[in-house]
Amino acid sequence: MKATSDVIDLKKKKIAIIGSGISGAANAYFLRQTFSNNVELVMFEKSDKIGGRLATFEFNERLYELGGSVLHPSNKYMSEFIDKLELQKKEKEKSTKEALGFFDSKGLILKTTGQFYGLVDRINFIRHFGFIQLFKFKSWLRSFIRDFSKIYSLQDKGFVFTNLDEFLTKLNPELNKIAQKSLQRTLCEQKFNDRIINEFASIACLTNYGQSILIDGFVGSVSLAGLIDELWSVKTGNRSVAEKLIEKADVQLHLNTSVKGIYKDPTDQEKNIILFETEEKTEITDNSFDYVIIAFPLYKDVFNDQFKIEFEVENLINLEMQITNTYIIFGEQILFPEMASNKRINLHSTDPSLPYRSICVQLPCDYCDNKDKDLYMNCTKKLYKIFSEQILDESDFDKIFEQGYKIVQKIPWRAYPKYTENPEKKVIPQVVLDQARSRVYYSNCMEWSSSCMEICCISARNVANMIANKEKVKIKPFFNKSKEKINVHFVCKLSSIIFLAAFLYSSYFKI
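Predicted model, so just to flag it, every value in this text is computed and none were measured. Sequence order sets the numbering: in each chain, residues are counted from 1 along the sequence as written. Owing to the predicted nature of the model, reporting of local features is limited to residues with pLDDT of at least 70; listing and counting of side-chain atom pairs is limited to 80 or more, with chain, interface and lining totals taken over all residues. Remark: hydrogens and water are excluded; side-chain values derive from all non-hydrogen atoms of the structure.

Draft legend 1. Representation of the pattern of salt bridges within the structure. Salt bridge, as used here, is a side-chain nitrogen of Lys or Arg placed within 4 Å of a carboxyl oxygen of Asp or Glu. Following the criterion strictly, the structure yields 22 salt bridges and no others. Between E471 and K13 there is a salt bridge whose closest N-O contact spans 3.7 Å. Here K13 lies in strand β1 (residues 13-18) and E471 lies in helix α13 (residues 453-471), a separation of 458 residues in the sequence. For the pair E471 and K13, a shared accessibility class is recorded, and that class is buried. K97 serves as the salt-bridge partner of D369, at 3.1 Å between the closest nitrogen and oxygen. Only DSSP runs of H or I covering at least 4 residues are called helices, and only runs of E covering at least 2 are called strands; the numbering of each starts at the N terminus. Buried residues are those whose accessible area, probed at 1.4 Å on protein chains only, stays under 20% of the maximum for their type, while exposed residues exceed 50% and partly exposed ones sit between those limits.

Following this line, the structure appears as structure tokens:
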């Protein structure tokens, strides 16, 4: 489906956006870009700050990522936002300063040391996983990323989708097929060996989503993409992207405001009613909204006496979010004393039965290699982030850290959807919650296909295109075409170089 390119005179539309995370912020930005001054944007946020799950914390007067932490180089919306908002990317850490370890219930499976500029580590990776397997794995993921990246030019031309099937089929019908089976089965059919599947892929799924390789092949492939490229984040914290987008979109922002209900106006079929409670605990009913965009996850625990929605939510009331317990600990790691203490230690579990998914040293958002070259290097105590599906207590921490550790933060939160272990029966919510009128949109529905910042941006652009389609407003290109052509040429040259140097690079993965 395509949004029309016709332009008509229109009265100013009033649109409510519920949620100020990256989804809500991107919705506001794309709507402002599309409608210019012909739209009034009102944003409701129940907390006292913008950003949703893009959270940060402070330690020793430095800012660290707590929520959505990393982005992939192929994430074109987030990359373009950085340029348009005049933000900067965080400086990359040299890989030789990192000590990486894979472990299961029996102990360390594989570790890196960073010695000899990482050459020894690359050789060990080749010996452990197999050169042909690593090269094939990287090529397969490159193909997945190329297919996924088709969405950007399609959306710039006005493409819209109402469900996951339309989205994936347009990119490549094969993507829709892998979404109907587990990642484990997908990789087995590609004839990858047990170590690639049960170690490499398992680490990606457990670290990124806290779930096993039984999740579906599409979300699993999204989690795997980070294994073959240097990931990035924003120097001022990823939350600053949401803050800047909302600022640019010129929205009426209501913080500390809880939306209690969303209904259609019985006196005007083109209007929606929102019932909300202000910071002062005053309930207000507003029936002036032409459109409503729900930009936060809907799942069974959301629907209660405190939140009611009149529209089609039958497929939503049984959905669940995965609870992830995040712990920030400052201490000396003793779980695997053989790991080099003079490096920044990152440990990843391959076993979903273990209580912790990853134990990784954290670097501040404004990390600078020159200024911070010795930060958490030649010292025993380091700042770690631990992901766990379980609630950990002192007995768990005593196994991981030497006595004297400090718990800086502990946060249980619903970070991402709980993906089904039977993909053939999974339910992905529809974008439009009132099919008869097309006036209420669920922007975060695509999180149930895969949850990441870029998917939220893609879904937000889709909603903006759908509303433009309904209002017969021309879609404005988001990407600079000349820049895109340069990037394609650059990628082609880079691909050739990578192919020629495959022996050295196909075995080196950044997790």
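The structure having been displayed, the exposition proceeds.
Draft legend 2. Structural view of unusual backbone geometry. Look at K191: it is not a glycine, yet its phi comes out positive at around 65°. Tracing the backbone through its elements, the reader meets K191 in the loop between α8 (183-189) and α9 (194-209).

Draft legend 3. Spatial organisation of the sheet that holds strand β15 (residues 358-361). We treat two strands as partners when DSSP finds at least two bridges between them. Pairing within the open sheet is mixed, and its 7 strands lie in the order β6-β5-β14-β15-β16-β13-β17. Bordering the open sheet on either side are β6 (107-111) and β17 (406-417), each of which pairs with just one other strand. For this sheet, the mean inter-axis angle between neighbouring strands, taken without regard to orientation, is 25°. One ladder, built from 6 bridges, connects strand β5 (residues 98-104) with strand β14 (residues 344-349); its direction is parallel. Following the sheet pairing, F103 is matched in β14 by S349. Here a residue-residue contact requires only that any non-hydrogen atoms of the pair lie within 4.5 Å. Angular values range over 0 to 180 degrees, each being the angle between N-to-C directions of two axes fitted as lines to C-alpha atoms, with helices fitted over their stretch in contact. Contacting β5 and β6, helix α3 (residues 119-129) crosses the sheet at an angle of about 115° to β6. Strands β5, β6, β13 (321-332), β14, β15, β16 (381-388) and β17 of the sheet are contacted by α9, whose axis makes an angle of about 105° with β14.

Draft legend 4. Spotlight on the side chain of T278. Its place among the elements puts T278 in the loop between β9 (272-277) and β10 (283-289). Judged by relative accessible area, which is 14%, T278 ranks as buried. Those residues in contact with T278 that sit more than four places away from it in its chain are N256, T257 and I284.

Draft legend 5. Representation of the sheet that holds strand β2 (residues 39-44) in the model. On the basis of which strands lie adjacent, the open sheet formed by 5 strands has the order β7-β2-β1-β11-β18 and parallel pairing. The two strands at the open ends of the sheet, each matched to only one other strand, are β7 (252-254) and β18 (440-442). The sheet shows a mean angle of 15° between the axes of neighbouring strands, taken without regard to direction. Across 3 bridges, the pairing between strand β11 (residues 291-294) and β18 is parallel.

Draft legend 6. Broad picture of the confidence of the model for the chain. Every residue is assigned a pLDDT by the predictor, reflecting its confidence on a scale from 0 to 100. Averaged over the chain, the pLDDT score is 90; the fraction of residues at 70 or greater is 92%. Between residues 2-9, whose pLDDT stays under 50, and residues either more than four places distant or in other chains, the model counts 22 contacts. A low-confidence stretch, residues 499-511 stays under pLDDT 50, and its non-local contacts, those more than four residues away or across chains, total 37 contacts.

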